[in-house]
Number of protein chains: 2
Amino acid sequence: MYRPLDVDTVIDYVRSHPRAKDHLDTTGELEAVEVGDGNLNLVFKVFDRSSNRSLLIKQALPYVRVAGPSWPMPAERAGFEARALDVEHRCAPGLVPEPYWFDEQLMLNAMENLVDHRVIRFPMMEAKRYRDLGVTIGDFLARTLYATSDFALDAAEKRSMMRGFFNVELCRITEDLVFTEPYLRDAPRNRWNPRIDADVADFQADEELKAEAAKLKYRFMTSAEALIHGDLHTGSIMANDHDIRVIDPEFAFFGPMGFDVGAFIGNLFLSGASHEIHSPDPDARRSYRRYLLDEAIATWTTFEAGFRQRLTDVSSPSWSSVGFQEAFIASVLRDTAGFAGAKMLRRIVGFAHVADLDSIEDLDDRARAERIAIRIGRTLVRQHGKVGSFDDVVAIAAAQLEVRDG
Amino acid sequence: MYRPLDVDTVIDYVRSHPRAKDHLDTTGELEAVEVGDGNLNLVFKVFDRSSNRSLLIKQALPYVRVAGPSWPMPAERAGFEARALDVEHRCAPGLVPEPYWFDEQLMLNAMENLVDHRVIRFPMMEAKRYRDLGVTIGDFLARTLYATSDFALDAAEKRSMMRGFFNVELCRITEDLVFTEPYLRDAPRNRWNPRIDADVADFQADEELKAEAAKLKYRFMTSAEALIHGDLHTGSIMANDHDIRVIDPEFAFFGPMGFDVGAFIGNLFLSGASHEIHSPDPDARRSYRRYLLDEAIATWTTFEAGFRQRLTDVSSPSWSSVGFQEAFIASVLRDTAGFAGAKMLRRIVGFAHVADLDSIEDLDDRARAERIAIRIGRTLVRQHGKVGSFDDVVAIAAAQLEVRDG
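Computed from a predicted structure; not experimentally measured. (Residues numbered from 1 in each chain as written. Chains lettered and ligands numbered in written order. Predicted model: local features only at pLDDT ≥ 70, side-chain atom pairs only at ≥ 80, totals over all residues. Heavy atoms only, no water.)

### A closer look at the overall build of chain A
The condition is simple: In DSSP terms, a helix is any run of H or I states spanning at least four residues, a strand is any run of E spanning at least two, and both are numbered starting from the N terminus. Computation of the radius of gyration draws on C-alpha atoms alone. For the globule rule, the value is 2.2 Å times the number of residues to the power 0.38. Type-normalised accessible area, obtained with a 1.4 Å probe on protein chains alone, sets the label of each residue: buried when under 20%, exposed when over 50%, and partly exposed for intermediate values.
A tally of helices and strands in chain A yields 15 helices and twelve strands. Against the globule reference of 22 Å for 406 residues, chain A gives a C-alpha radius of gyration of 21 Å, in line with a compact fold. Each principal axis of the C-alpha distribution contributes one length, and for chain A these read about 60 × 60 × 40 Å. A buried classification covers 63% of the 406 residues belonging to chain A.

### With respect to the domain arrangement of chain A
All names here are of chain A. Test applied: Domain extents, as shown, originate in an automatic or database domain assignment. We call two residues in contact when some of their heavy atoms are within 4.5 Å. When two parts are put together, the accessible area they lose, computed with a 1.4 Å probe and summed over both, is reported as buried area.
For chain A, the assigned domains are domain 1 (9–111) and domain 2 (118–401). In this structure, domain 1 and domain 2 have C-alpha centres spaced 27 Å apart. With 23 residues of domain 1 at the interface, the matching set in domain 2 holds 30 residues. The contact between domain 1 and domain 2 buries some 2,200 Å² in all, and 70% of this surface belongs to carbon and sulfur atoms. Ranking the residues of domain 1 by area buried against domain 2 places W71, F80 and L95 at the top, with a combined share of 28%.

### Section: the relation of the copies chain A and chain B
Here is the rule we go by: Only residues with pLDDT of at least 70 in both copies contribute their C-alpha atoms to the least-squares superposition of the copies.
Least-squares fitting of chain A to chain B yields an RMSD of 0.0 Å, with the transformation described by 0.0 Å of translation along the axis and a rotation of 180 degrees. Here the transformation between the copies is reduced to the relation of a two-fold axis. Taking the C-alpha atom as reference, chain A places S223 of chain A closest to the rotation axis, 2.4 Å from it. A share of 100% of interface residues in chain A that are also interface residues in chain B marks the association as one of identical surfaces.

### Some points on the nonpolar core
For clarity, the threshold we go by: Throughout, nonpolar core names a set of buried Ala, Val, Leu, Ile, Met, Phe, Trp, Tyr and Cys residues whose side chains join them through atoms within 4.5 Å.
Core analysis: the largest hydrophobic core is formed by 192 residues, its most contacted members being F151, F269 and F328 of chain A together with L133, F151, F269 and F328 of chain B. Aside from chain neighbours lying at most four places away, what touches F269 of chain A is L293, A296, M344, I376, L380, V393 and A397 of chain A. If you look at the next biggest cluster of nonpolar residues, it comprises 26 residues, including M162 of chain A together with V87, C91 and L227 of chain B.

### As for the packing of helix α4 (residues 133–147) of chain B against helix α9 (residues 257–278) of chain B
All names here are of chain B. To be explicit about the condition: Axis definition: a line fitted to C-alpha atoms, limited for helices to the stretch in contact. Angles are taken between N-to-C directions and run from 0 to 180 degrees. Roughly parallel here means an angle under 35 degrees, roughly antiparallel means over 145, roughly perpendicular means 65 to 115, and every remaining angle is called oblique. With the far helix as reference, a near helix turned anticlockwise by less than a right angle produces a left-handed crossing, and one turned clockwise produces a right-handed crossing. Any residue outside Ala, Val, Leu, Ile, Met, Phe, Trp, Tyr, Cys, Pro, Asp, Glu, Lys and Arg is labelled polar, Gly included; the first ten of those are nonpolar and the last four are charged.
One can describe the packing of α4 onto α9 by two numbers: an axis separation of 10 Å at closest approach and a directional angle of 165 degrees. Classed by the angle they form, the pair α4 and α9 counts as roughly antiparallel. Where α4 crosses over α9, the handedness of that crossing is right-handed. Contacts between α4 and α9 involve L133, I137, L141 and L145 from the first element and M257, D260, V261, F264 and L268 from the second. Of the residues contributing to the contact of α4 with α9, the split by class is eight nonpolar, no polar and one charged.

### Focus on the interface of chain A and chain B
Quick note on the threshold: Any carboxyl oxygen of Asp or Glu within 4 Å of a side-chain nitrogen of Lys or Arg constitutes a salt bridge here.
Contact with chain A, which involves 38 residues of that partner, is made by 38 residues of chain B. Broken down residue by residue, the surface that chain A buries against chain B is led by R159, F166 and Y218 of chain A, which jointly contribute 23%. Counting across the interface, chain A meets chain B through two salt bridges. The closest approach of N and O atoms between R172 of chain B and D154 of chain A, which form a salt bridge, is 2.9 Å. Among the elements of the structure, α5 (155–162), α6 (168–180), α8 (207–222), α11 (317–320) and α12 (322–349) of chain A are those that each provide at least two residues to the side of chain A that touches chain B. Of the residues forming the side of chain A that touches chain B, the biggest block, eight residues, is contributed by α8 of chain A. Taken together, the residues of the side of chain A that touches chain B sort by class into 20 nonpolar, seven polar and eleven charged.

### Re the state of the cysteines
Quick reminder of the rule: Count a disulfide wherever a pair of cysteine sulfur atoms falls within 2.5 Å.
Under the defined criterion, the tally for this structure stands at zero disulfides over all chains. Looking at the unpaired C91 of chain A, the closest cysteine sulfur is the one in C171 of chain A, lying at 19 Å.

### Regarding helix α1 (residues 9–16) of chain B
Residues and elements named next belong to chain B. To be explicit about the condition: This arc is built from the directions going out from the helix axis to the C-beta atoms.
Every buried residue belonging to α1 is among V10, I11, Y13 and V14, and all of these are buried. For α1, the angular spread of buried residues about the axis comes to 160 degrees, placing them on one side. Buried residues in α1 make contact with β1 (30–34), β2 (41–48), β3 (53–60), β4 (99–103) and β5 (108–111).

### Things to note about the sheet that holds strand β11 (residues 243–246) of chain A
All names here are of chain A. Definition in use: Two strands are said to pair when DSSP picks up at least two bridges between them.
Here three strands make up an open sheet; going across it, the order is β8-β10-β11 and the pairing antiparallel. Whereas interior strands pair on both sides, the edge strands pair on one side only; in this sheet they are β8 (118–119) and β11. Relative to β11, strand β10 (residues 237–240) is paired through four bridges, and the arrangement is antiparallel. The partner of A239 across the bridge, within β11, is I244.

### Notes on the packing of α9 of chain B against helix α14 (residues 363–383) of chain B
All names here are of chain B. For the pair α9 and α14, interaxial distance at closest approach is 7 Å and the crossing angle is 150 degrees. Taken together, α9 and α14 sit at an angle that is classed as roughly antiparallel. Helix-helix and strand crossings are classified by hand; for α9 and α14 the assignment is right-handed. Seen from α9, the contacting residues are F269, L270, A273, S274, E276 and I277; seen from α14, they are D365, R368, A369, I372, A373, I376 and L380. Of the residues belonging to the contact of α9 with α14, the class tally is nine nonpolar, one polar and three charged.

### A word on the pairing of β5 of chain B
All names here are of chain B. Both faces of β5 are covered, namely the face carrying L108 and A110 and the face carrying N109 and M111. Taken together, the four bridges between β3 and β5 define a ladder with antiparallel strand orientation. Following the sheet pairing, Q59 is matched in β5 by L108. The sheet contact formed by β4 and β5 spans four bridges and is antiparallel. Residue pairing for β5: F102 is matched across the bridge by N109. Turn length for the β4-β5 hairpin, with the two strands adjacent in sequence and antiparallel, is four residues, and the turn residue M107 shows positive phi of about 50 degrees.

### A word on the side chain of R121 of chain A
All names here are of chain A. The condition that has to hold: Pairing of N or O atoms within 3.5 Å defines a polar contact, subject to two protein rules: one partner must be a possible hydrogen donor and the other a possible acceptor, and residues neighboring in sequence count only if both atoms are side-chain atoms.
Within the element layout of this structure, R121 appears in helix α3 (residues 121–125). Polar side-chain contacts of R121 include one of 3.1 Å to the side chain of T234. Within polar-contact distance, the side chain of R121 engages the side chain of N267 at 3.0 Å. Here R121 is in contact with H233, T234, G235, N267, V354, A355 and D356, once residues within four sequence places are set aside.

### Describing the pattern of salt bridges
In this structure the tally under the stated criterion is 63 salt bridges over all chains. With a closest N to O distance of 2.5 Å, D248 of chain B and K58 of chain B form a salt bridge. Within this pair, whereas D248 of chain B is found in the loop between β9 (243–246) and β10 (253–255), its partner K58 of chain B is found in strand β3, the two being separated by 190 residues in sequence. With a relative accessible area of 24%, D248 of chain B lands in the partly exposed category. With a relative accessible area of 5%, K58 of chain B lands in the buried category. Ionic contacts of the salt-bridge type, sharing partners, join the residues K58, R77, E81, D248 and E250 of chain A into one network.

### Some words on the sheet that holds strand β3 (residues 53–60) of chain A
All names here are of chain A. The strand order across the open sheet built from five strands is β1-β2-β3-β7-β6, with neighbouring strands paired in antiparallel fashion. Two strands lie at the open edges of the sheet, namely β1 (30–34) and β6 (99–103), each paired on one side alone. Here the strands of the sheet are splayed against their neighbours by 20 degrees on average, with no regard to which way each runs. In the sheet, β1 pairs with strand β2 (residues 41–48) via five bridges, with the strands oriented antiparallel. In the strand pairing of β2, V33 is matched with K45. Those strands touched by helix α1 (residues 9–16) are β1, β2, β3, β6 and β7 (108–111), and its axis lies near 130 degrees from that of β1.

Okay, structure coming up:
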């Protein structure tokens, strides 16, 4: 029977689970803390003090945690996370937490506890630099997206995998919150800083922007290219100084590859916009923004190179055509640009915001940073169909972030 | 237990089926004939002579009928046909045979017997004209493709419907025979008229053509826009002088809408090419080709107008954007052009040919017609990404079919 765990019952659960003893001493003294800071789930870290080992238990609640039981959300999403984490772990070992087990009754996943890793969004607000961040995420993207695409899988394998990822409820959240509501004047869940009322009214009246956003929504809904993470922002990445992991794939489904690449890059740009305030010193600001753009470039470059490298091994002669491969990469790039922009805009106007911006208490200051993000996001969405190289994406961001080469 | 029926056992089967009595007098004198002329199935017409009523039984064999048991093909395809026919009947009543029942054990579908209809491919070789052919097929396309798209269905309804259409084996036939093998010099199933060896060698060396064909294959495999018929050629349409029906949706799956539109239009152009020989009189030839082009235009025009009309009712504000709708129609048009071309080329170089051309006994004559079709198909595939209006498609065909306005 499903029941939400707490810091006491999670210990009983771990003690009694036959697979827990592979990861800690279940007969010893166990201690649990609840650390969930996301929107949806309970997250427990369970420590075994005697052997200094631990594991993590992530349990889905049957409603949206931030909203309460009035916004139900099927706990079955834990199953999507389990299946996606398993695929990611196979394709990109070492880049995700190691999955231990999935409990279908309690809708929880037990996995490796990342002991001293932090969600990177918050340190990045203090200008933290992670070595090889873009290279690591680019590598993760190339590995997972290639391995679950029609280039690597036989049609039967891909269709059979797709059956496990009809993630309707979580896709609906993205469709509504990312692609629909931010562009509507009267969507009740929208919220924004009152100081940017005029900017929001302006962009919600931009018919070209709305048309491009609708094209992106249609691609999100109809383009089953690969198993995508589906929510790859800087709150879904944990790191310490020498290790970077992608977490929380509960939004995973077969969608357009550029959605993952764009989500991450858009969040780098959001961070860059927020440093308008977080880094008052102009040199420090310019330097951190240069770092962020370099990581965006490294992400795309590593993803593209890794994907092209893998494409040299394809078995179907259709995919070896050079002309096809160029067109394919160009299409993922256009999607990347558009989805990056859409993911930026929804964080300012839609229901779910980011701490990078919302942590800026002075509303006028926040508005300054938000306007930078809106300009980047809006240009990316409007121009995404015309982007011909990643330089174009960088130029759009750099123009607003006042970063020039050198 | 599955067993293939014959003209005797099919009568016993019909007599004993509880739902047969709604359609004929099962206690009377029944007569059955086997009329299957397709590649895959047994087709029985069962008549009740006393009441002059009848029904049709279509049973899937567990192998490809034209190839024999050495080429196995899961009989489960009858289930895809049953589900697709049911959807088509709901969306476009009167444009498909009325489905009566599906027998999962015997992998057969019982349906309305179209008494005096003929598959239109053969009469068209004799320059038969069907009134409103393009209008009817365009209407069928607008109805079925809209009703099963994200414009009409809620995301959950669409995903739930998709679960019934993972038609892996029949999609694989299309992927291999339409998009892959015709472009390979050494695919063992390819066959062609030896008189066009040089033409085939030339197009199989055309790297731009191969790149465009690979793009179309990728769209076929990843673009889940709507439940498409999947095999809508002139052999999948039956008609008499006042009624037109689409049959045989066993290839149905969620794919790109332009594949259906293109399949039909490509087959009109194939017919046009074949009249290079079938209509030796220049005036008669020009007149019939003009008819075929007019029907192609009516198909697109009716489809586009019907789809646009339905789009005015969409509930999601994303899809009401005029800019989005224009881009969407333009994308279906490009797909239509490309898929039309690909479906033409595969009928000349690939495994499965069409009677329009193969019935031309003199190999030099046949080569003349085939070269016309190759030129149209090749141009459509190469240029499909640049097609901006249906006039462009018509111009490509008309240039080779020597049809000018007026």
